[in-house]
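Coordinate analysis (summary)
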Amino acid sequence: MISTLFKSFKLTIAFSLLFSICYIFVLWIFAQVAGPNKGNAEVLELDGKVVGAASVGQNFTEDIYFWGRPSCAGDGYDASSSAGSNKGPSNEEYLSEVKARIDTFLVHHPYLTREEVPAEMVTASASGLDPDISPKAAYAQVQRVAQARGLSPESVMALVSSHTEGPLLGLFGPEKVNVLKLNIALEKAEKNK
């Protein structure tokens, strides 16, 4: 009995070391070789100042910026409270929130009909930190952003097109636009006009 208990203890220690140290070490090596930025976060700068990480969304609400998805993480895009709302499509409170978001979106985009509002612009992502939107959601905002910045819609549309990322390896996932990268490009474009 004691020998079986001792073997179990040794096996538990061995697997604990294997999965807590070796596994993490293998993932770290893989990230260094195959991951973007050698496994480190992609930090974005504007005018020499860090303005955010490319993998974490931010709350843009001014008309001169493209907006990302709504966030239910804490007070919005709070990485320490990353989570969705856990409210289903039959929840009255959730439906009220979505309706209010649609109404707000339409106030700032009067050229759209209720049916043209992209669903992702009024529903929060599961993590609450999603940094990307679809090209469709970005194109829906072009007219507002162009007018607010005094730029031509064509030039803003060209920025969206140039910042549209295809699926991973051309196969996995949808096309997407990183909102922070796009807004940084807008700031640079306005300075150069």
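Here is a short report on the structure shown in this document. (Residues numbered from 1 in each chain as written. Predicted model: local features only at pLDDT ≥ 70, side-chain atom pairs only at ≥ 80, totals over all residues. Heavy atoms only, no water.)

Comments concerning the packing of aromatic side chains
This is how it is decided: Here a Phe, Tyr or Trp ring, Trp counted by its six-membered ring, pairs with any other such ring whose centre lies within 6.5 Å, and the pair is stacked when the planes are under 30 degrees apart, edge-to-face when over 60, and tilted otherwise. Note on geometry: a ring has a charge over it if NZ (lysine) or CZ (arginine) is within 6 Å of the ring centre and within 35 degrees of the ring normal.
On inspection of all chains with the given rule, the structure shows 3 aromatic pairs. Arranged with centres 5.3 Å apart and planes meeting at 45°, the rings of phenylalanine 60 and tyrosine 65 form a pair that is tilted. Just above the ring of tryptophan 67 sits the side chain of arginine 144; from NZ or CZ to the centre is 4.2 Å.

Quick word on the packing of helix 4 (residues 153-162) against helix 5 (residues 179-191)
The line we're drawing: In this analysis an axis means a line fitted to C-alpha atoms, helices contributing only their contacting stretch, and an angle means the value between N-to-C directions, from 0 to 180 degrees. Only runs of H or I of at least four residues qualify as helices and only runs of E of at least two qualify as strands under DSSP, and these elements are numbered from the N terminus. For classification purposes, angles smaller than 35 degrees are called roughly parallel, those larger than 145 roughly antiparallel, those between 65 and 115 roughly perpendicular, and all remaining angles oblique. Should the near helix be turned anticlockwise from the far one by less than a right angle, the crossing is termed left-handed; should it be turned clockwise, right-handed. The contact criterion used throughout is that any non-hydrogen atoms of two residues lie within 4.5 Å. Classification convention: Asp, Glu, Lys, Arg as charged; Ala, Val, Leu, Ile, Met, Phe, Trp, Tyr, Cys, Pro as nonpolar; all other residues, Gly among them, as polar.
Look at helix 4 against helix 5: their axes get within 10 Å of each other, and the N-to-C directions meet at 140°. One element, helix 4, and the other, helix 5, form an angle in the oblique class. Here helix 4 runs over helix 5; the crossing is right-handed. Here Val156, Leu159 and Val160 of helix 4 come into contact with helix 5, specifically with Leu182, Ala185, Leu186 and Ala189. Among the residues making up the contact of helix 4 with helix 5, the classes are represented as 7 nonpolar, no polar and no charged.

Topic: the nonpolar core
Soluble globular proteins: nonpolar side chains tend toward being buried together. In plain terms, the rule: The nonpolar core is taken to be a set of buried Ala, Val, Leu, Ile, Met, Phe, Trp, Tyr and Cys residues, with the residues joined through side-chain atoms within 4.5 Å. Partly exposed describes any residue whose relative accessible area lies between the buried limit of under 20% and the exposed limit of over 50%, with all areas from a 1.4 Å probe on protein chains only and scaled to the type maximum.
If you look at the biggest cluster of nonpolar residues, it comprises 34 residues, and the most contacted ones within it are Phe66, Ile133, Val156, Val160 and Leu186. If you list the elements that add at least two residues to this core, you get strand 1 (43-46), helix 2 (92-108), helix 3 (135-149), helix 4 and helix 5.

Re helix 2
Selection criterion: How far a helix is expected to stretch is found by multiplying one less than its residue total by 1.5 Å. The arc in question is traced by the directions running from the helix axis to the C-beta atoms.
Helix length check: helix 2 (17 residues) gives 25 Å between terminal C-alpha atoms against 24 Å at 1.5 Å per residue, within 8%. Every buried residue of helix 2 is accounted for by Tyr94, Val98, Ile102, Phe105 and Leu106. Angularly, the buried residues of helix 2 cover 110° about the axis, an arc narrow enough to put them on a single face. Exposed residues on helix 2 whose side chains face more than 90 degrees from its buried face are Glu92 and Val107.

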